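Working through the structure, step by step
Here are the chains, one letter per residue:
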Amino acid sequence: MSGATVLVTGGAGYVGSHSVVQLLNQGFKVVVVDNLVNASPECLKRVEEITGKKVISVLVDLCNKDEVDKVFSKYKIDCVIHFAALKAVGESVSMPLTYYRNNVGGSVTLLEVMKAHNVKKIVYSSSATVYGTPQELPLTEDHPTGLGCTNPYGKSKYFVEEMLKDLVKSDETWSVISLRYFNPVGAHESGKIGEDPKGVPNNIMPYIAQVAVGRRKDLRVFGNDYNTLDGTGVRDYVHIQDLAVGHIAATNKILNPNFCGWKVYNLGTGSGLSVLQLVKAFEEASGQKIPCEVVGRRAGDIDASYADVSLAKKELHWEATRGVLDMCRDTWRWQSLNPNGYGESE
Ligand SMILES: NC(=O)c1ccc[n+]([C@@H]2O[C@H](COP(=O)([O-])OP(=O)(O)OC[C@H]3O[C@@H](n4cnc5c(N)ncnc54)[C@H](O)[C@@H]3O)[C@@H](O)[C@H]2O)c1
């Protein structure tokens, strides 16, 4: 459905910016709204360099209804991809109200404005975290959600999914696709955009990359006594470019006039990799040694998590095509070309 106008909330962030590149390359018109709370304006300049296209972007806080309303009045939006959220698990434990206000409150405001403008198609960035501790693996979309969400970040993702389901139940002219990402890693092949966490990275891949580039001394491995092949935690890492392509598939589906209602899809590769396997792959791809120090487990971490990806394959015709060496190579290209990310010092 290229030619349609997609409003992308959080489009200056990590997953958002890679998806904006794909959307522009596929001929969609894109309007980005972001308050830059966790992003740099440089990112969208790089998106323009990669695509050779101008990005319309508006500095908007989703919690500000008037600001959001103005965007919907100015542009004729066909559908929304909703990435904007705060995502640091640890921070969410110490600042729960900030997380609920931003992630849940911001989503309510967005949906109210969408409804007022009769824009009823939304692709939502959800997370495998909604599954909590897996009852069985691989995780299918009908695995119970919410029960094991141990932190406000994860709960905010779950609450918004529940809210979206209620919305569809109340008015069947809404179309909602929730994408549950597993562990997005990697960067655009150009090395121009990538993950640029502020402060100490929460996720392992940017941490490894910062060790490789000399910004951090060693990687702290949280626990080596999990019930996994080598004792370290196992996760389903998915290349950010594959994830971005998944958003195109979801956007095309949601824009199809025959689609309405609620759908949820896992986006992962379907196989798990331990921390030590990931480190080894990164060393191989980058030629850099990653010193590791094993420390105690982190509260709330689980043994293993990986996706059943058959539903996305069947209904979105999407599957991940990039392997772990691509993920590591592209992360390293981004990090080595941009040792300080988009240039802001810590
Ligand atoms: N990266 C991951 O590991 C991961 C995994 C699962 C799900 N997700 C979800 O994917 C989405 C995108 O994650 P990301 O990794 O790109 O994060 P990110 O922090 O890089 O991007 C989020 C963007 O949203 C913006 N934002 C936050 N609150 C806002 C507000 N109130 N108004 C306007 N803009 C706001 C930030 O400035 C940032 O640019 C999030 O919803 C996150 O929960 C991410």
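If you check an unreviewed UniProt entry, the chain appears there as UDP-glucose 4-epimerase from Zootermopsis nevadensis. Under the UniProt heading Subunit (unreviewed entry), the note attached to the chain is "Homodimer." Annotation of the chain in UniProt includes, under Sequence similarities (unreviewed entry), the sentence "Belongs to the NAD(P)-dependent epimerase/dehydratase family."

As for the site of the ligand
In the vicinity of the ligand, 28 residues are found, and the nearest of them are Asp34, Asn38, Asn102, Tyr153 and Lys157. The side chain of Asn38 places a nitrogen or oxygen atom 2.7 Å from an oxygen atom of the ligand. For the ligand, whose unbound accessible area comes to 810 Å², protein coverage reaches 96%. Those elements that provide at least two residues to the shell around the ligand are helix H1 (14-25), strand S5 (121-127) and helix H6 (152-170). Sorting elements by how many residues they give to the shell around the ligand places S5 first, with three residues. Of the residues in the shell around the ligand, the class split is 15 nonpolar, nine polar and four charged.

Quick word on the environment of Thr109
Tracing the sequence through the fold places Thr109 in helix H5 (residues 96-116). A relative accessible area of 10% means that Thr109 is categorised as buried. Separated by 177 residues in the primary sequence, Thr109 and Ser286 place their C-alpha atoms 44 Å from one another. If we ignore the near neighbours within four places in the chain, the residues touching Thr109 are Leu62, Cys63, Asn64 and Lys65.

Some thoughts on the side chain of Ser107
By the element assignment, Ser107 lies in helix H5. Residue Ser107 is classed as buried on the basis of its relative accessible area of 2%. Apart from residues lying up to four places away in sequence, Ser107 is in contact with His82, Asn102, Val160 and Met163.

Regarding the UniProt feature "domain: NAD(P)-binding" (unreviewed entry) in the chain
What UniProt calls "domain: NAD(P)-binding" (unreviewed entry) maps, in this numbering, to residues 7-331. As annotated, residues 7-331 comprises 40% helix and 17% strand, and the C-alpha atoms at either end are separated by 27 Å.

Some remarks on the sheet that holds strand S6 (residues 175-181)
With respect to topology, seven strands assemble into an open sheet ordered S3-S2-S1-S4-S5-S6-S11, the strand pairing being parallel. Taken across any chain shown, the strands that pair with only one partner, and hence form the sheet edges, are strand S3 (56-59) and strand S11 (261-267). Across the sheet, the mean angle from the axis of one strand to that of its neighbour is 20°, orientation sign disregarded.

Description of the nonpolar core
With 43 residues, the main nonpolar core has Val8, Leu23, Val47 and Leu179 as its most contacted residues. For this core, the element with the most residues is helix H8 (residues 240-255), which contributes seven residues. For Val8, the contacting residues outside a window of four places in its chain are Val20, Leu23, Val30, Val31, Val32, Val33, Ile81 and Phe83. Within the second largest apolar cluster, 24 residues are counted, among which are Val33, Leu110, Leu167 and Val168.

Concerning the packing of H5 against H6
Their axes nearest at 9 Å, the elements H5 and H6 cross at an angle of 20°. Between H5 and H6, the angle is such that the two are roughly parallel. Between H5 and H6 lies a crossing whose hand is right-handed. In this structure, H5 contributes Pro96, Tyr99, Tyr100, Asn103, Val104, Ser107, Val108 and Leu111 to the contact, and H6 contributes Pro152, Tyr153, Lys155, Ser156, Phe159, Val160, Met163, Leu164 and Leu167. The residue makeup of the contact of H5 with H6, split by class, is 13 nonpolar, three polar and one charged.

Thoughts on the packing of aromatic side chains
Evaluation of the coordinates by the stated rule reveals five aromatic pairs. With centroids separated by 6.4 Å and ring planes inclined at 35°, the aromatic side chains of Tyr131 and Phe182 adopt a geometry described as tilted. Taken as a pair, Tyr131 in the loop between S5 and H6 and Phe182 in the loop between S6 and strand S7 (183-185) lie far apart in primary sequence, 51 residues in all. You'll find Tyr131 and Phe182 in the same group, each marked buried. Between the aromatic rings of Trp334 and Tyr342, the centroid separation amounts to 5.0 Å while the plane-to-plane angle is 55°, which identifies the pairing as tilted. Per residue, the accessibility class of Trp334 equals that of Tyr342, and both read buried.

Thresholds applied
Residues numbered from 1 in each chain as written. Predicted model: local features only at pLDDT ≥ 70, side-chain atom pairs only at ≥ 80, totals over all residues. Heavy atoms only, no water. UniProt positions renumbered as here; feature names shortened; annotations may be inferred. Near = heavy atom within 4 Å. Polar contact = N/O pair within 3.5 Å; in protein donor to acceptor, adjacent residues only side chain to side chain. Areas by Shrake-Rupley, 256 points an atom, 1.4 Å probe, with all protein chains shown as cover. Helix = DSSP H or I, 4+ residues; strand = E, 2+ residues; numbered from the N terminus. Nonpolar A, V, L, I, M, F, W, Y, C, P; charged D, E, K, R; others polar. Buried < 20%, exposed > 50% of the residue type's maximum accessible area, 1.4 Å probe, protein only. Contact = heavy atoms within 4.5 Å. Pairing = 2+ DSSP bridges. Axes fitted to C-alpha atoms, helices over the stretch in contact; angles between N-to-C directions. Core = buried A, V, L, I, M, F, W, Y, C linked by side-chain atoms within 4.5 Å. Parallel < 35°, antiparallel > 145°, perpendicular 65-115°, else oblique. Left-handed = near helix turned anticlockwise from the far one by under 90°. Phe/Tyr/Trp six-rings, centres within 6.5 Å; stacked < 30°, edge-to-face > 60°.

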